[in-house]
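Geometric and topological summary
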Amino acid sequence: MSILDKAKNYVEILFKDKLSSVYFYHNFIHTAYTVNKAEEIMKHTPVSEEDQEKVLVALWFHDTGYIECAMNHEERGVEIMKNFLHQENYPESYISEVEKLILATKITYIPQNLLEKIVKDADFSHFAGHDYSDISDALRKEWELTNVRCFSNEEWNAGNLDMLKNKHTFYTDYAKENWEPLKKKNIKKIEKKLGKEEEKKDNNDSKSDNKKDKEKSDRSVDTLFRVTLNNHTRLSDIADSKANILLSVNAIIISVCLSVLVPKLDAPKNSHLILPSFILLLSSVLTIIFAILSTKPNVTKTTFTSQDIANRKVNLLFFGNFQQMLFDDYHNAMKDLIKDRDYIYDSMVKDLYYLGKVLDRKYKLLSITYKIFMAGIIISVLSFGFAFLSL
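Conventions adopted
- Residues numbered from 1 in each chain as written.
- Predicted model: local features only at pLDDT ≥ 70, side-chain atom pairs only at ≥ 80, totals over all residues.
- Heavy atoms only, no water.
- UniProt positions renumbered as here; feature names shortened; annotations may be inferred.
- Core = buried A, V, L, I, M, F, W, Y, C linked by side-chain atoms within 4.5 Å.
- Buried < 20%, exposed > 50% of the residue type's maximum accessible area, 1.4 Å probe, protein only.
- Helix = DSSP H or I, 4+ residues; strand = E, 2+ residues; numbered from the N terminus.
- Contact = heavy atoms within 4.5 Å.
- Patch = residues over 30% accessible without salt bridge, like charges linked within 9 Å, V, L, I, M, F, W, Y side chains within 5 Å.
- Areas by Shrake-Rupley, 256 points an atom, 1.4 Å probe, with all protein chains shown as cover.
- Salt bridge = Lys/Arg side-chain N within 4 Å of Asp/Glu carboxyl O.
- Lys, Arg positive; Asp, Glu negative; His and termini not counted.
- Charge placed at Lys NZ, Arg CZ, Asp CG, Glu CD.
- Phe/Tyr/Trp six-rings, centres within 6.5 Å; stacked < 30°, edge-to-face > 60°.
- Polar contact = N/O pair within 3.5 Å; in protein donor to acceptor, adjacent residues only side chain to side chain.
- Axes fitted to C-alpha atoms, helices over the stretch in contact; angles between N-to-C directions.
- Parallel < 35°, antiparallel > 145°, perpendicular 65-115°, else oblique.
- Left-handed = near helix turned anticlockwise from the far one by under 90°.
- Nonpolar A, V, L, I, M, F, W, Y, C, P; charged D, E, K, R; others polar.

An unreviewed UniProt entry annotates the protein as Phosphohydrolase of Chryseobacterium contaminans. Per UniProt, the protein carries the Subcellular location (unreviewed entry) text "Cell membrane".

1. Some details on the nonpolar core
Membership of the largest hydrophobic core comes to 54 residues, with the highest contact counts inside it found for Val55, Phe61 and Leu85. In terms of residues, this core owes the most to one element, helix H3 (residues 49–61), which gives seven residues. Those residues within four positions of Val55 in sequence are excluded, and the remaining contacts are Ala38, Met42, Leu101, Leu115, Ile118 and Val119. In this structure, Cys257, Leu265, Leu280 and Ile288 belong to the second largest nonpolar core, which totals twelve residues.

2. Considering a positive patch on the surface
A cluster of like positive charges, contributed by Lys184, Lys185, Lys188, Lys189 and Lys193, occupies part of the molecular surface. Structurally, Lys193 is set in helix H10 (residues 180–203).

3. Focus: the packing of aromatic side chains
Centre distance and the angle of the planes are the two values used to describe a pair of aromatic rings. A full pass over the atoms with the stated rule returns 13 aromatic pairs. Their ring planes at 65° and their centres at 5.0 Å tell us that Phe151 and Trp156 sit as a pair that is edge-to-face. Neither residue differs from the other here; Phe151 and Trp156 are each classed as buried. Note on Phe170 and Trp179: the rings are 5.8 Å apart at their centroids and 70° apart in plane angle, and the pair reads as edge-to-face. By relative accessible area, Trp179 is classed as buried at 4%. In textbook terms, an aromatic cluster arises when at least three aromatic residues are bridged by ring pairs, as seen for Tyr10, Phe61 and Phe84.

4. What to know about the environment of His126
Within the secondary structure layout, His126 lies in the loop between helix H6 (114–123) and helix H7 (132–145). Overall, His126 belongs to the buried group, its relative accessible area being 8%. Put simply, His126 and Leu182 are 56 residues apart on the chain and 9.9 Å apart in space, counted from C-alpha to C-alpha. Not counting chain neighbours up to four residues away, the residues in contact with His126 comprise Tyr25, Tyr33, Tyr132 and Ile135. Only 3.3 Å separates the side chain of His126 from the side chain of Tyr25, close enough to count as a polar contact.

5. Quick look at the pattern of salt bridges
Enumeration over the complete set of coordinates arrives at 14 salt bridges. The residue Glu50 makes a salt bridge to Lys54 at a minimum N-O spacing of 3.6 Å. Note that Glu50 and Lys54 are positioned in helix H3 at a spacing of four residues, about one turn of the helix. With a relative accessible area of 46%, Glu50 lands in the partly exposed category. A salt bridge links Asp240 to Lys362; the nearest nitrogen and oxygen atoms lie 3.0 Å apart. Of this pair, Asp240 sits in helix H11 (residues 205–261) while Lys362 sits in helix H16 (residues 341–389); the two residues are 122 residues apart in sequence, bridging distant segments of the chain. Beyond isolated ion pairs, a larger network of salt bridges with shared partners links Glu50, Asp51, Lys54 and Glu97.

6. Section: unusual backbone geometry
As a rule of thumb, non-glycine residues mostly have phi less than zero, and peptide bonds are mostly trans rather than cis. The backbone of Asn72 sits at a positive phi, close to 55°, despite the residue not being glycine. The backbone phi angle of Asn89 is positive, close to 60°, even though this residue is not glycine. Tracing the chain through its elements places Asn89 in the loop between helix H4 (73–87) and helix H5 (92–103). Asn89 sits in the exposed class, given a relative accessible area of 68%.

7. So, the packing of helix H1 (residues 3–18) against H4
H4 packs onto H1 with a crossing angle of 130° between their chain directions and a minimal axis gap of 12 Å. By the angle class used here, H1 and H4 are oblique. Considering how the two elements wind past one another, H1 and H4 form a crossing that is right-handed. Facing H1, whose interface residues are Ile3, Lys6, Ala7, Tyr10 and Leu14, H4 presents Ile80, Phe84 and Leu85. Its residues assigned to classes, the contact of H1 with H4 comprises seven nonpolar, no polar and one charged.

Written as structure tokens, this is what we have:
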């Protein structure tokens with residue numbers, strides 16, 4: 001496997017396991033996009049194979065620092081890259097050059113050579129993308145969720161326009177020739193949006209202040225629920241993943257014991273291994289039982305009346321409730337829910353609370369499972385050791 005394939009797999013797993021779900025922009029999708037754009041530039045630019053490899057390795061790691069913090073993420077990305085390349089036995093001279101390329105992605109840095117120009121243009125290639133508006137919205141959402149800043153539509157469009165027109169430039173000949181015209185189209189689209197926002201603002205000056213405060217308040221509450229529910233879902237996925245690991249490991253242990261160890265226990269010379277083998281099998285079976293219990297679906301179903309629905313005592317967001325309802329009743333109830341934001345928030349609070357109860361049960365069982373597994377392994381090893389020493 002080439003170093004680029006290894007870097008890709010390493011970064012993909014790193015982001016999957018450690019990157020927060022609030023990073024809608026700085027994630028593996030953006031990283032892979034910049035790598036593809038760098039390859040596009042280098043197809044039309046004379047660069048040696050070794051230098052191409054350095055550029056692509058740098059871009060695979062340039063945003064990995066976000067797994068810890070957005071601030072100074074380039075420096076943290078350098079440390080992650082160094083650990084990776086040291087494990088691959090790459091020389092310090094090579095690692096030092098890749099480090100410079102990662103640091104060249106800093107927004108205020110001016111590239112000094114061709115490789116730095118390629119890295120810089122690839123990192124900002126989305127400015128010339130046909131889907132620039134969607135990518136920009138992803139970055140805006142990321143900044144809001146990470147408490148960088150919340151923007152009004154006018155503030156966001158003005159900031160984007162200033163960046164594209166006054167603060168950014170492409171450096172490579174290929175980008176200037178092929179991407180600059182597309183960037184100018186995006187600039188015109190932003191100017192058009194900004195014009196509409198200003199016109200809208202002029203027509204609604206009397207209501208804008210109250211509306212803006214309400215929108216920011218609603219957005220903060222929406223963000224709170226979105227992040228919290230996402231975190232709960234990720235915690236549930238992590239618990240299931242850990243339980244599945246224990247299931248797989250102990251299934252292998254039982255399979256090996258039954259196929260290799262147990263058939264040999266009939267021999268008199270192996271009678272001293274019966275008790276240790278029994279302890280090992282018992283601990284594995286108990287571990288599997290508790291791992292299954294921790295992942296076992298626990299769907300609560302409640303009985304309610306039409307009066308309960310009218311009094312808003314039923315959580316319409318939980319399938320265990322609405323699966324009992326007729327479609328027309330559910331449709332009408334959801335219409336009432338959508339019209340009332342307080343009703344929506346009450347339903348989301350109930351959903352969040354009961355999801356937390358499920359997570360509490362799941363992690364308690366998972367904790368017991370790990371304790372059983374750890375104790376079983378320790379006791380089994382000690383039993384085997386004692387059995388052999390007593391011969």
